[in-house]
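# Understanding the architecture of this molecule
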Amino acid sequence: RYEVRKDGRIIDLTVREFELLKYLSAQKGQVFSRETLLEKVWGYEYYGDTRVIDAHMKNIRKKIKEDYIKTIKGVGYVLEK
């Protein structure tokens, strides 16, 4: 359904934000590099700046108002809860 709910309320995410969150949640506790996330979520070789992932993560965190996604400095991202 491409829905994320928190406390019964639908969180409005873009398709990329949803796909990133879905990918991380399917493998909780595993750390993924920006490059891996680009490959798995975008589905092709991305030739732009890998920092696009940072922008999407910032937006997801802002929208869900929780710190479920942790940044592992120099490595990537992990969904902890």
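Okay, so let's go over this structure. Worth saying up front: this structure is predicted, and the values here are computed from it rather than measured.

What counts as what
- Within any chain, residue numbers begin from 1 and follow the written order of that chain's sequence.
- The predicted nature of this model means local features are confined to residues of pLDDT at least 70 and side-chain atom pairs, given and counted, to a pLDDT of 80 or more, with totals for whole chains, interfaces and linings taken over all residues.
- Hydrogens and water are ignored here; the side-chain numbers use all heavy atoms of the structure.
- Working definition: helices are DSSP H or I runs of at least four residues, strands are E runs of at least two. Numbering for both runs from the N terminus.
- When accessible area is computed with a 1.4 Å probe and restricted to protein chains, residues below 20% of their type maximum are described as buried, those above 50% as exposed, and intermediate ones as partly exposed.
- Helix span, expected: 1.5 Å multiplied by one less than the number of residues in the helix.
- Each C-beta atom gives one direction from the helix axis, and the arc is the one those directions make.
- Throughout, a contact is declared for two residues whenever any of their heavy atoms are within 4.5 Å.
- Axis lines are fitted through C-alpha atoms, for helices just across the contact stretch, and the angle between N-to-C directions can take any value from 0 to 180 degrees.
- Each angle is binned into one of four classes, with values under 35 degrees roughly parallel, values over 145 roughly antiparallel, values of 65 to 115 roughly perpendicular, and all other values oblique.
- When residues are grouped by polarity, Ala, Val, Leu, Ile, Met, Phe, Trp, Tyr, Cys and Pro land in nonpolar, Asp, Glu, Lys and Arg in charged, and all others, Gly among them, in polar.

### Concerning the environment of Lys 65
If you trace the backbone, Lys 65 turns up in the loop between helix H3 (52–64) and strand S3 (69–72). On the accessibility criterion, Lys 65 (59% relative accessible area) is exposed. As a C-alpha pair, Lys 65 and Arg 9 span 56 residues in sequence and 12 Å in three-dimensional space.

### Points about H3
Under the 1.5 Å per step criterion, the end-to-end length of H3 is 19 Å for 13 residues, consistent within 8% with the ideal 18 Å. Every buried residue belonging to H3 is among Ile 53, Asp 54, His 56, Met 57, Ile 60 and Ile 64, and all of these are buried. Viewed along the axis of H3, the buried residues span an arc of 165°, placing them on a single side of the element. Structural note: H3 exposes Lys 58 and Lys 62 on the side pointing more than 90 degrees away from its buried face. Summarising the contacts, the buried residues of H3 are in contact with strand S1 (4–6), strand S2 (9–11), helix H1 (15–26), helix H2 (34–42), S3 and strand S4 (76–79). Just downstream of H3, Lys 65 is the residue with a positive phi angle, here 55°.

### A closer look at the packing of H1 against H3
Interaxial distance between H1 and H3 falls to 10 Å at its minimum, and their mutual angle equals 85°. Considering their axes alone, H1 and H3 lie roughly perpendicular with respect to each other. When H1 is examined against H3, the residues Arg 16, Glu 17, Leu 20, Leu 21 and Leu 24 are found in contact with a partner set consisting of Ile 53, His 56, Met 57, Asn 59, Ile 60 and Lys 63. Residues of the contact of H1 with H3, tallied by class, amount to 6 nonpolar, 2 polar and 3 charged.

### A word on unusual backbone geometry
Within the chain, Asp 7 stands out as a residue other than glycine whose phi angle is a positive 55°. Mapped onto the elements, Asp 7 comes out in the loop between S1 and S2. Its identity is not glycine, yet Lys 65 carries a phi of approximately 55°, on the positive side.

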